[in-house]
Amino acid sequence: MEIYLIIMLVLMILGSIYSLHAKDLLSAVVSYGIVGFGLVIAFLLLYAPDLAIVQVVVEIITLIIMIAVITNATHEEQAKEFSFSSIFYIAVFLFFGFVLLGVLAQISGLLNSFGHHVTRMASAYIINAQEAGSANIVTGILFHFRAYDTLGEATVLFTAVIGILTVLRHHGKKKEDKNEG
Amino acid sequence: MKGKKTSLHERERGMTLVVKKICQFIAPTIFLFGIYITIHGHLSPGGGFTGGVIMASAFILQILSDGSILDKLRQEKWRLELTESLAIFTFLVLAVLGLLIAATAVFFGNFLPAGTLGELISGGIIPIGNVIIGIEVCAAISSIFVALLIFKDEESE
C-alpha cells in the first residue's frame, strides 16, 4: 500500500511542477487537477472515505470555476525577466529549505510512528464517540465534541460568499469604475 | 473562449439538445444522492458538507448545460442568499437550544434522545445538524457560482 502512496505523491509533485511551467493557463489548471485527484486516491489508500468524497466533489467544482474564470482572462503567460533579485530569492529559499529539512531530521526521531498518536484527546474522542450516538465516528465528533469547529467552518463559508458577492457586485459601484470597465 | 465581449445572450443558449436532455436525467439523480449522503451522514461516510457540495454540483450541472435558466436565476438569486443565511442562523439556534434544554447545559448540547446506534433516526441533533449544514453548503456554493456567472454577464452588457 505504501508503494502506491509514494507513486501517487510523485505523480502529484510532477503535476504541480508541470502546472507551474505550462505555457497555457488552461493546461496549468488542468494539470493542477492531478494534485487534487491524486489526493483523493491518497485519502482512499489511507482509509479516509469521508475526506475522499469531499475532495473529489470540491475538486470538480473548483476546476469548473477556475476554467470559467480563465476563459475570461488572458491565456498567455507573461515572459518573466531574469534578474539579480530572483537569484537572491532562490538562494533564500534553498537556505531556509535546508534549515527546515535539518530541523525535521533532528526531531523526527522523537515522534511516534505514523498512525500512533501521542495526544490524549484523540483516544478520548474515539472512546467517547459511542456516547454521541452516531455510527459514523467522524460525523459524531464533528457534531458533538467539535461542533464549534463545524460552526466555524460554516461561518467561513458564509463570509466567503459575502466577500465574493461584495467584490463582484455591479450595482452600487461608483460610476468611474463603470467607464473604465 | 472566442472573445471577451460575447455575452451569454449573443452566444447560443447552453449546449446541444443531447447534452441538455442527458443532464436533465442525471442532475436529479445526483441531487437525490446528495440528499442521501446528507441524511445518512451519521451512519455512512459523508455528511452535511459532502452532501451539500454534491447537491450544489447537480445545480451547477443544470446551469451549465441549460443556459436559459440564467434569466430566471437573476431574479431568484436572493432566494439562494436567504436560504444560506437562514440555514446558518438555524444552526446557531440549534446550538443555543442545546444550551437551554440539554441536561448538561452546554453550547451544542445534545438535547434529543440518542436512540439505537445504527438506526436512521438516532444520534439526537446530529442528523438535524447534518441537514442544516448540507443546506447551507449547497446554497453557498451555488450562490458563488451563480454570482460569478451573473456578474460576468452584466459586465459584458
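Every chain is numbered on its own, with residues counted from 1 as its sequence reads. Here every chain gets a letter starting at A, and every ligand a number starting at 1, in the order they are written. In view of the model being predicted, local features appear only for residues whose pLDDT reaches at least 70, and side-chain atom pairs are presented and counted only at 80 or more, with totals across whole chains, interfaces and linings using the full set of residues.

For helices the rule is a DSSP run of H or I covering at least 4 residues; for strands it is a run of E covering at least 2, with both sets numbered from the N terminus onward. Across its full length, chain A holds 8 helices and 0 strands. Moving toward the C terminus, one meets the helices and strands of chain A in the order α-α-α-α-α-α-α-α. With C-beta atoms placed from the backbone, a residue counts as buried when 20 or more other C-beta atoms lie within 10 Å of its own, as exposed when 12 or fewer do, and as partly exposed for counts between those limits. Here chain A, with 181 residues, has 13% of them falling under the buried criterion. Here contacts are defined at the residue level, using C-beta atoms placed from the backbone and a cut-off of 7 Å between them. Residue pairs in contact within chain A that sit at least 24 positions apart in sequence constitute 38% of those at least 6 positions apart.

Turning to the overall build of chain B, a few remarks are in order. Along its length, chain B carries 4 helices and 0 strands. When the helices and strands of chain B are placed in sequence order, the string is α-α-α-α. Here chain B, with 157 residues, has 35% of them falling under the buried criterion. Of the contacts formed within chain B by residues at least 6 apart in sequence, a portion of 67% connects residues at least 24 apart.

This next bit is on the nonpolar core. Within soluble globular proteins, side chains that are nonpolar tend to cluster in buried spots. A set of buried Ala, Val, Leu, Ile, Met, Phe, Trp, Tyr and Cys residues, joined through C-beta atoms within 7 Å, is what we mean by a nonpolar core. In terms of nonpolar packing, the biggest core is built from 33 residues, with V53, I54, A56, V137, C138, A140 and I141 of chain B touching the most fellow members. Elements with a minimum of two residues in this core: α3 (49-70) and α7 (147-168) of chain A together with α1 (17-39), α2 (48-65), α3 (69-101) and α4 (126-155) of chain B. Broken down by element, this core gets its largest block of residues, 12 residues, from α4 of chain B. The two domains that each donate at least three residues to this core are domain 1 (1-75) and domain 2 (113-174) of chain A. In this structure, L142 and A147 of chain A together with F108 and I126 of chain B belong to the second largest nonpolar core, which totals 7 residues. Residue ranges labeled as domains rest on an automatic or database domain assignment.

Moving on, we come to the interface of chain B and chain A. At the junction of the two partners, chain B supplies 46 residues and chain A supplies 36 residues. At the level of elements, α2, α3 and α4 of chain B are the ones that each hand at least two residues to the side of chain B that touches chain A. A per-element tally of the side of chain B that touches chain A places α4 of chain B first, with 17 residues.

Note: interface size is frequently given as the accessible area lost on complex formation between the parts. What the domain assignment reports for chain A is domain 1 (1-75) and domain 2 (113-174). For domain 1 of chain A versus domain 2 of chain A, the separation of C-alpha centres amounts to 23 Å.

Next up on the list: unusual backbone geometry. At Y47 of chain A, a position not held by glycine, the phi torsion is positive, near 60°. Tracing the chain through its elements places Y47 of chain A in the loop between α2 (25-45) and α3.

With respect to the helices and strands, the residue S85 of chain B is situated in helix α3. S85 of chain B sits 51 residues away from E136 of chain B along the chain, and the two C-alpha atoms are 7.7 Å apart.

Attention shifts here to α3 of chain B. Multiplying 1.5 Å by the helix residue count minus one yields the expected span of that helix. With 33 residues, α3 of chain B extends 44 Å from end C-alpha to end C-alpha; this agrees with the ideal 48 Å at 1.5 Å per step. Remark: the principal bend of α3 of chain B, roughly 60°, maps to Q75 of chain B. The angle between axes fitted to the seven residues ending at a residue and the seven residues starting there is what we call the bend at that residue.

Before going further, it helps to spend a moment on the packing of α7 of chain A against α3 of chain B. Contact geometry for α7 of chain A and α3 of chain B: axes closest at 11 Å, N-to-C directions at 160°. Accordingly, the angle class assigned to the pair α7 of chain A and α3 of chain B is roughly antiparallel. As for the relative orientation of α7 of chain A and α3 of chain B, their crossing is left-handed in sense. Only E84, I88, F91 and A95 of chain B of α3 of chain B make contact with α7 of chain A, whose side of the interface consists of A147, L151, A154, F158 and V161 of chain A. Tallied by class, residues from the contact of α7 of chain A with α3 of chain B come to 8 nonpolar, no polar and 1 charged. Angular values range over 0 to 180 degrees, each being the angle between N-to-C directions of two axes fitted as lines to C-alpha atoms, with helices fitted over their stretch in contact. Our angle categories are set so that under 35 degrees counts as roughly parallel, over 145 as roughly antiparallel, 65 to 115 as roughly perpendicular, and the remainder as oblique. In this scheme the handedness of a crossing depends on how the near helix is turned from the far one: anticlockwise by less than a right angle means left-handed, clockwise means right-handed. The residue classification treats Ala, Val, Leu, Ile, Met, Phe, Trp, Tyr, Cys and Pro as nonpolar and Asp, Glu, Lys and Arg as charged. All others, Gly included, are polar.

The description of two packed helices rests on the angle between their axes and on the distance between the axes. Contact geometry of α3 of chain A with α2 of chain B gives a least axis separation of 9 Å together with a crossing angle of 35°. Judged by the twist between their axes, the crossing of α3 of chain A over α2 of chain B is left-handed. For the pair α3 of chain A and α2 of chain B, contact is made by I53, V54, V57, V58, I60, I61 and I64 of chain A and by F49, T50, V53, I54, A56, S57 and I60 of chain B, respectively. When grouped by side-chain class, the residues that make up the contact of α3 of chain A with α2 of chain B number 12 nonpolar, 2 polar and no charged.

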